[in-house]
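# Descriptive analysis of the structure
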Amino acid sequence: MSSLVIHAEALSKSYHHFQVLRDLSFELEAGVCYALFGPNGAGKTTLLKILATVHRPSGGRLMIMGKDVVADRDAVRGRLFLVAHGSHLYDELNAVENLRFAMGLRGLAPSDRDIKLALDRVGVGAFADLKSRYFSAGMKKRLAIAKALLARPPLLLLDEAYSSLDEKGIALVNQVIREATGAGTAVFMTTHDRAKVADVARRAGVLRQGALHELPLTALTGTHELF
Amino acid sequence: MSSLVIHAEALSKSYHHFQVLRDLSFELEAGVCYALFGPNGAGKTTLLKILATVHRPSGGRLMIMGKDVVADRDAVRGRLFLVAHGSHLYDELNAVENLRFAMGLRGLAPSDRDIKLALDRVGVGAFADLKSRYFSAGMKKRLAIAKALLARPPLLLLDEAYSSLDEKGIALVNQVIREATGAGTAVFMTTHDRAKVADVARRAGVLRQGALHELPLTALTGTHELF
Amino acid sequence: MSRFILWLRRYQRWFGLAGGLCMTAGLYLGLVKSPPDYYQGEVVRIMYLHVPLAQTSLFAYATLFICSVWYLWKRDPVVDNAAHAAAGLGVFFTAAALVTGSIWAKPTWNTWWTWDPRLVSFTVLLLILIGYLMLRMFIDEPERQARFAAILAIVGGVDLPIVKFSVEWWRTLHQPLSISPRGVSYSTDMLLPLAIMAVGVSLLFTYMLMVRTQLLYLRQLLEAKKGRLLSKAQL
Amino acid sequence: MSFFSAIRWIIWKDLLSELRSRENFSSMLFFALAVILIFSFSFSTDQEAVRELIAGVIWVAFGFTAIIGLGKSFAVELQNDCLEALQINPIPKGAIYLGKLLANVIFIFSVELLLLPLFVIFFNLDILEKLPVLLVIMIGGTLGLSALGTLFSALTVQIRAREVMLPILLLPMAVPVFIGAVEATRGLLGGAPFAFYRPWIDLLLVFDVIFIVVSFWVIDFVLDA
Amino acid sequence: MSFFSAIRWIIWKDLLSELRSRENFSSMLFFALAVILIFSFSFSTDQEAVRELIAGVIWVAFGFTAIIGLGKSFAVELQNDCLEALQINPIPKGAIYLGKLLANVIFIFSVELLLLPLFVIFFNLDILEKLPVLLVIMIGGTLGLSALGTLFSALTVQIRAREVMLPILLLPMAVPVFIGAVEATRGLLGGAPFAFYRPWIDLLLVFDVIFIVVSFWVIDFVLDA
Ligand code: HEM
Ligand SMILES: Nc1ncnc2c1ncn2[C@@H]1O[C@H](COP(=O)(O)OP(=O)(O)OP(=O)(O)O)[C@@H](O)[C@H]1O
Ligand SMILES: Nc1ncnc2c1ncn2[C@@H]1O[C@H](COP(=O)(O)OP(=O)(O)OP(=O)(O)O)[C@@H](O)[C@H]1O
Ligand SMILES: [Mg+2]
Ligand SMILES: [Mg+2]
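Because the structure is predicted, anything quoted here is derived from the model rather than measured. (Residues numbered from 1 in each chain as written. Chains lettered and ligands numbered in written order. Predicted model: local features only at pLDDT ≥ 70, side-chain atom pairs only at ≥ 80, totals over all residues. Heavy atoms only, no water.)

## A word on the pattern of salt bridges
Rule in force here: A pairing counts as a salt bridge when a side-chain nitrogen of Lys or Arg comes within 4 Å of a carboxyl oxygen of Asp or Glu. Working definition: helices are DSSP H or I runs of at least four residues, strands are E runs of at least two. Numbering for both runs from the N terminus. Relative accessibility thresholds used throughout: buried, under 20% of the residue-type maximum; exposed, over 50%; partly exposed, between the two (1.4 Å probe, protein chains only).
Enumeration over the complete set of coordinates arrives at 54 salt bridges over all chains. For Lys131(B), the salt bridge identified is with Glu92(B), shortest N-O distance 2.8 Å. Here Lys131(B), found in the loop between helix H4 (112–122) and helix H5 (137–151), pairs with Glu92(B), found in the loop between strand E6 (80–83) and helix H3 (95–105); they are 39 residues apart in sequence, far enough to count as distant. A relative accessible area of 6% places Glu92(B) in the buried class. Shared partners join several salt bridges into a network, and the residues in it are Glu92(B), Lys131(B), Arg133(B), Asp140(C), Glu23(D), Lys72(D) and Arg160(E).

Structural data, given as structure tokens:
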């Protein structure tokens, strides 16, 4: 019980009465990477944002690290980190400043060396002083991953984890996930690419018609239709 | 010569003194799908936008369908269609209206049936009346592809063609590319996923340090590093 | 269906009936039986509309304020429907009071409009209410719409007394008003119809509030039905 | 042919979006109301002074209305990079300009029509028999503001401080329009003979033509790389 | 501890971004200039009337300056969905509010300071020995506008017609600030004894406190689902 990071019971979500998620229950343990699949418009992003406490569920109960996300938001928020579609970067700040600010608000104060290491790790070390406004799509994604590296949260949420990354970037994300789960972090991610995630996912599921169905891991290496 | 769709000579592009593309020359024939690879920040999007006449090259000469893109912009523009990162959709218009407007400006007037067919084809037929504001990432991409279907341009440009699409969506894009090239359309696309594009690409290249290197097609099915 | 809505449906007719009766009696007494004013003549009869309408506007804002606090506390969508209804009716009654006041002002003050503190604070009330409805118009998600609207109503509720008092000081500090709305003193044969009208218009407001709350509630139900149909049409 | 059909499509799209969201329209209306209110507050000491300045107040309110509407005009094209799509569409940029201009004039002028009764009530104006000339002045002023404003809207929407750069560029350039409109309105409302303020109306119309022609000519450089 | 450090980080970020782009600052400044210019144009007939209304003109200019700055305040959080990141950061939303409020007051007040000499030049004011009280009035008014404005900026940035809904919501609610500030300024500039306009300054300060407290209390509902 204590190692349960996500515990969702009968979650549901409607956007002005358009019901996207219905009575969705599942659990995620520490140190596990969960890959979520589903057709376009299935509600993957929606679910991820509920887990990230961006949206409030319309019904049901969601506990993260034993805390209720509605009653105990700030405690939950300190324990998770979201890499979303939007890169959460300020155009006018450079890479270093963006990292510093994001960490500062989380109450962390990484040293210059930590920041430099993180930037080098994600391959944008050469652009440390460039305003993030001028970053390409993939470079922004890499910067967002650098934030996750510094934040070291117990729960890491990734939306379309591999999108706009080149092959080295994808390998980097997988490496980051492996290290994180090794250190006990739970990773919950959405993706459309089962081949890439097969390396790292320890569990997988597919979201279909608002319901979550667990998949066998063999489905990731197979080629038959997931949905 | 007459079947040359793209003819670029010594193209270069700088963003305030940061040179992204250097003396890039290449040609693309009608009916061929060209897949462009390259590390994040290599300049793929930049090149695509130059081809699409969004940006003007800083130097060099670019002819599309035998017309100079600088001297003869409008003639060139009628002959190409760009599916970019941004979906080019108006939030307040529904799917049908968005298609109608985009085609109207191109001087086309597709019938209700054509529009319905295109929407069904890309799998958002059920959402024909929904404001595009409420579309998910993948649904927006699909709608952009529906526009390309209706426009039937001689040159189709796709940026990160597969991103945010589910597996059926990817198959759909490949099918669309196959049909288009079959009908003589030249397709120029960027992607990070060589496995997916291997089916349809007839040529491939990698952008590295501002220069374009042609790749053998076998590289697409292999696993060694592209860059 | 919400129990509250069922309750509204059962009792609304009595409010409507009582309001109608009071207003018929009040209008008869006020417009026909009561004497014309010594100074103003027949014009004074517009008072029987203006004063109850103005009072009911304030009543409407009070309702809106209470419902908004209640909503933020309990997050019950029906309470939000009531708040929404109160705001819509509030615009109606406030505008009506403003128009009747203006019509009254033309013969008595010889202008449609003047910079009197009461008029200013009342206009601010109208603007806040319109702003409230516009805010709702620009938010699609019902939950966010309700939440933001409630915040606006609460901040406005804190603001209104300040506006009222500040404009009050504003004028009295410099020059006293030559003609004040309070200058009209009531005689008993005016007070009775006025009181009946006041009760009648408040009851009418309550009745309209009940009906409109149900309407908004039902509209939401309908949207939900439509949404459910759409959710079936997944990709 | 395709030139005019492009104009129609732009107008259709802008009007339809607006009907859906009613954003622009109600915003302009309410903003103009607030401006009138602030004015009245700030200048309440002297009722006579306010009546003297009524033409100015009207045109300041109309000016702000126009700026709101104009700012939105191209700002909606930013969503999902629609501007990029417009730029690379094979239609003459002049058609985009004229379509946007007409849509803007329709929006702004209808809001002004709605504001008119408010001025009548707030400031005790008596304009019934002056209405035809007043409408001409209003259309002239609106067209002049929109002609320049549509161009600047297209320009500012592509730079950083867009919401504020529009008024910054527009207001100084639109000074002749404001002067013409205010003076003509002042003459009309003050009961001067037509011949007296006629030159101001002529000035307005001349500026309208000049601004539209110039903007039509330079819009290519604004909307194209 | 982390509460105050969060406030500091927000201010640091807003100030640094602003130093980089100088967008907000120069826009506010130039926009205020344009407002002053329009005023002078629209009301040029009667120099005496203008002098009477100077306190009003000052506060209309300050008010517009504030609205520009406040609108930007949360709008910058829309880039790359930064607002989403702020919302799910484990800091109290009140800290975000206070950080933004202070950053806004710093911006707006510095622009007002720069505008002051312009008023002196344009309208021949003599304010040297009145400066301390004037600054208090200015800070009081700016704080009042920003207290509400920061809240509404956070709110409107999450809805459709954001640029226009901010003034629409803010202006009516800010009526007491405007009244207090205008009356106090009028009294001060008109040479009235301090005791005479003192109540207006008190009103301003009371209003400031009330609205900061109320906003601080409701900001959670605005920035959190
Ligand atoms: C646009 C014009 C006017 C507006 C907006 C207006 C507004 C109001 C308001 C807000 C009230 C307060 C109701 C309450 O406290 O319950 C009121 C009451 C009243 N008004 Fe007016 N009014 C206007 C014009 C007039 C005129 C012209 C007269 C008469 C000369 C008048 C006479 C009264 C009277 C007698 C009351 C009841 C006062 C009391 O019971 O304390 N009003 N009005
Ligand atoms: N704000 C909103 N209002 C109304 N409907 C919405 C809203 N956001 C999303 N939806 C709808 O909810 C459904 C799920 O959207 P979501 O973004 O979660 O899908 P997704 O699984 O992430 O899809 P994709 O693979 O394309 O990213 C879609 O059908 C979409 O139309
Ligand atoms: N407007 C700009 N100003 C300055 N530099 C820019 C600008 N746009 C892009 N760049 C720089 O140009 C380079 C190429 O960017 P581009 O977006 O073309 O890359 P890309 O190959 O598409 O990368 P990705 O795979 O990440 O999408 C990047 O290093 C980026 O920092
Ligand atoms: Mg998604
Ligand atoms: Mg790219």
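Let's pick the thread back up.
## Thoughts on the site of ligand 2
Selection criterion: Whether a residue is near a molecule or strand depends on its heavy atoms: it is near if one of them lies within 4 Å of it. Any N or O atom pair separated by 3.5 Å or less is treated as a polar contact, with the protein-specific requirement of one donor-capable and one acceptor-capable atom, and with residues adjacent in sequence counted only for side-chain atom pairs. Every accessible area reported is derived by Shrake-Rupley at a probe size of 1.4 Å, with residue values counting cover from the shown protein chains alone.
In the vicinity of ligand 2, 18 residues are found, and the nearest of them are Thr45(A), Thr46(A), Tyr134(B), Ser136(B) and Gly138(B). Here an oxygen atom of ligand 2 sits 3.2 Å away from a polar atom, N or O, in the main chain of Ala42(A). Within the side chain of Thr46(A), an N or O atom sits 2.5 Å from an oxygen atom of ligand 2. In isolation ligand 2 offers 640 Å² of accessible surface; the protein chains occlude 90% of this area. Elements that contribute at least two residues to the shell around ligand 2 include exactly strand E2 (18–29) and helix H1 (44–51) of chain A together with H5 of chain B.

## Focus: a nonpolar patch on the surface
Under the convention used in this document: Surface patches are defined over residues having more than 30% relative accessible area and no salt bridge, joining like charges when they lie within 9 Å and nonpolar side chains (Val, Leu, Ile, Met, Phe, Trp, Tyr) when within 5 Å.
On the surface, Phe4(C), Trp7(C), Tyr11(C), Trp14(C), Leu17(C) and Leu21(C) cluster together into a nonpolar patch covering about 660 Å² of accessible area. One can find Trp7(C) in helix H1 (residues 3–33).

## A word on the packing of aromatic side chains
Here is the rule we go by: Aromatic rings from Phe, Tyr and Trp, with only the six-membered ring used for Trp, were paired whenever their centres fell within 6.5 Å, and each pair was classed as stacked if the ring planes differed by under 30 degrees, edge-to-face if by over 60, and tilted otherwise. We call a charge positioned over a ring when the NZ of a Lys or the CZ of an Arg lies within 6 Å of the ring centre and within 35 degrees of the ring normal.
Considering all chains together, one arrives at 30 aromatic pairs over all chains under this definition. A ring pair is formed by Phe26(B) and Tyr34(B), whose centres lie 5.8 Å apart and whose planes are at 55 degrees; its orientation type is tilted. Side by side, Phe26(B) and Tyr34(B) carry an identical accessibility label, which is buried. With a centroid separation of 5.6 Å and 45 degrees between ring planes, the pair formed by Phe26(B) and Phe188(B) is classed as tilted. Of this pair, Phe26(B) sits in strand E2 (residues 18–29) while Phe188(B) sits in strand E8 (residues 186–190), and the two are 162 residues apart along the sequence. According to the relative accessible area criterion, Phe26(B) is buried, its value standing at 6%. Through pairs of rings, three or more aromatic residues link up here, namely Phe59(C), Phe92(C), Phe93(C) and Phe205(C). Looking at Lys100(D), its charged tip hangs above the ring of Phe74(D), at a distance of 5.0 Å from the centre.

## Points about the coordination of the iron atom of ligand 1
Selection criterion: Here a donor is an N, O or S atom found within 2.8 Å of the metal, or within 3.2 Å if the metal is Na, K or Ca; sites may look incomplete because water is not among the atoms.
Among protein atoms, the single one acting as a donor to the iron atom of ligand 1 is His50(C) (NE2), 2.0 Å away. Here His50(C) lies in helix H2 (residues 47–74).

## Overview of the sheet that holds strand E9 (residues 203–208) of chain A
All names here are of chain A. For clarity, the threshold we go by: The criterion for strand pairing is that DSSP finds at least two bridges linking the strands in question. Axis lines are fitted through C-alpha atoms, for helices just across the contact stretch, and the angle between N-to-C directions can take any value from 0 to 180 degrees. Note on definitions: a residue-residue contact is assigned when non-hydrogen atoms from the two residues lie within 4.5 Å.
As summarised here, the arrangement of the 6 strands in space is E6-E7-E8-E3-E9-E10, forming an open sheet in which the pairing is mixed. Single-partner strands in this sheet number two, and they are strand E6 (80–83) and strand E10 (211–215). Each neighbouring strand pair of the sheet contributes to a mean axis angle of 20 degrees, computed without reference to strand direction. Bridge count for strand E3 (residues 33–37) against strand E8 (residues 186–190) is 4 bridges, and the pairing is parallel. Paired with Cys33 across the two strands is Val187, which belongs to E8. Docked against the sheet, helix H5 (residues 137–151) engages E6 and strand E7 (155–158), running at close to 170 degrees with respect to E6. Sheet strands touched by helix H6 (residues 167–182): E3, E7 and E8. Its angle to E8, the strand with the most contacts, is close to 145 degrees.

## A look at the pairing of E10(A)
Residue and element names in this part refer to chain A. One ladder, built from 5 bridges, connects E9 with E10; its direction is antiparallel. What sits directly across from Leu207, in E10, is Leu212. Counting the residues that bridge the hairpin from E9 to E10 gives 2 residues, and of these Gln209 lies at a positive phi of roughly 50 degrees.

## With respect to the interface of chain E and chain C
Under the convention used in this document: When two parts are brought into contact, each loses some accessible area as probed by a 1.4 Å sphere; the total of that loss over both is the buried area. Ten residues, namely Ala, Val, Leu, Ile, Met, Phe, Trp, Tyr, Cys and Pro, are considered nonpolar, four, namely Asp, Glu, Lys and Arg, are considered charged, and the remaining ones, Gly among them, are considered polar.
In this assembly, 30 residues from chain E lie in contact with 30 residues from chain C. Taken as a group, Arg160(E), Met173(E) and Phe221(E) account for 21% of the area that chain E buries against chain C, more than any other trio of residues on that side. If you look at where chain E meets chain C, you find 1 salt bridge. Linking chain E with chain C are 6 residue pairs in polar contact (both at pLDDT 80 or more). Those elements giving two or more residues to the side of chain E that touches chain C turn out to be helix H7 (131–156), helix H8 (162–173), helix H9 (175–190) and helix H10 (194–223) of chain E. Residues that form the side of chain E that touches chain C fall into these classes: 26 nonpolar, 1 polar and 3 charged.

## Comments concerning the site of ligand 1
Residues and elements named next belong to chain C. As a matter of local geometry, ligand 1 sits amid 17 residues, with His50, Gln55, Leu98, Trp104 and Phe122 nearest to it. Between ligand 1 and His50 there is a distance of 2.8 Å, counted from a nitrogen atom to a side-chain nitrogen or oxygen. Within the residue set of the shell around ligand 1, elements represented by two or more residues are H2, helix H3 (77–109) and helix H4 (117–137). With 7 residues, H3 is the largest single contributor of residues to the shell around ligand 1. Considering only residue class, the shell around ligand 1 consists of 11 nonpolar, 5 polar and 1 charged.

## Quick look at the pairing of E7(A)
All names here are of chain A. Burial along E7 is two-sided: the face carrying Leu155 and Leu157 and the face carrying Leu156 and Leu158 are both buried. With 4 bridges connecting them, E6 and E7 associate as parallel partners. In the sheet register, Val83 faces E7, and the bridge partner there is Leu158. With 4 bridges connecting them, E7 and E8 associate as parallel partners. Paired with Leu155 across the bridge in E8 is Ala186.

## Looking at the packing of helix H3 (residues 95–105) of chain A against helix H1 (residues 2–21) of chain E
Rules: Roughly parallel refers to an angle under 35 degrees, roughly antiparallel to one over 145, roughly perpendicular to one between 65 and 115, and oblique to any angle outside these ranges. Left-handed is the label given to a crossing in which the near helix is rotated counterclockwise from the far helix by less than a right angle, and right-handed is the label when the rotation is clockwise.
Interhelical geometry of H3(A) versus H1(E) gives an angle of 160 degrees and a closest axis separation of 9 Å. As far as their axial angle goes, H1(E) and H3(A) are roughly antiparallel. Handedness of the crossing formed by H3(A) with H1(E): left-handed. For the pair H3(A) and H1(E), the contacting residues are Glu97(A), Arg100(A), Phe101(A), Gly104(A) and Leu105(A) in the first and Ala6(E), Trp9(E), Ile10(E), Trp12(E), Lys13(E), Leu16(E) and Arg20(E) in the second. For the contact of H3(A) with H1(E), the residue count by class is 7 nonpolar, 1 polar and 4 charged.

Remember, this is a structural readout, not a statement about activity or role.
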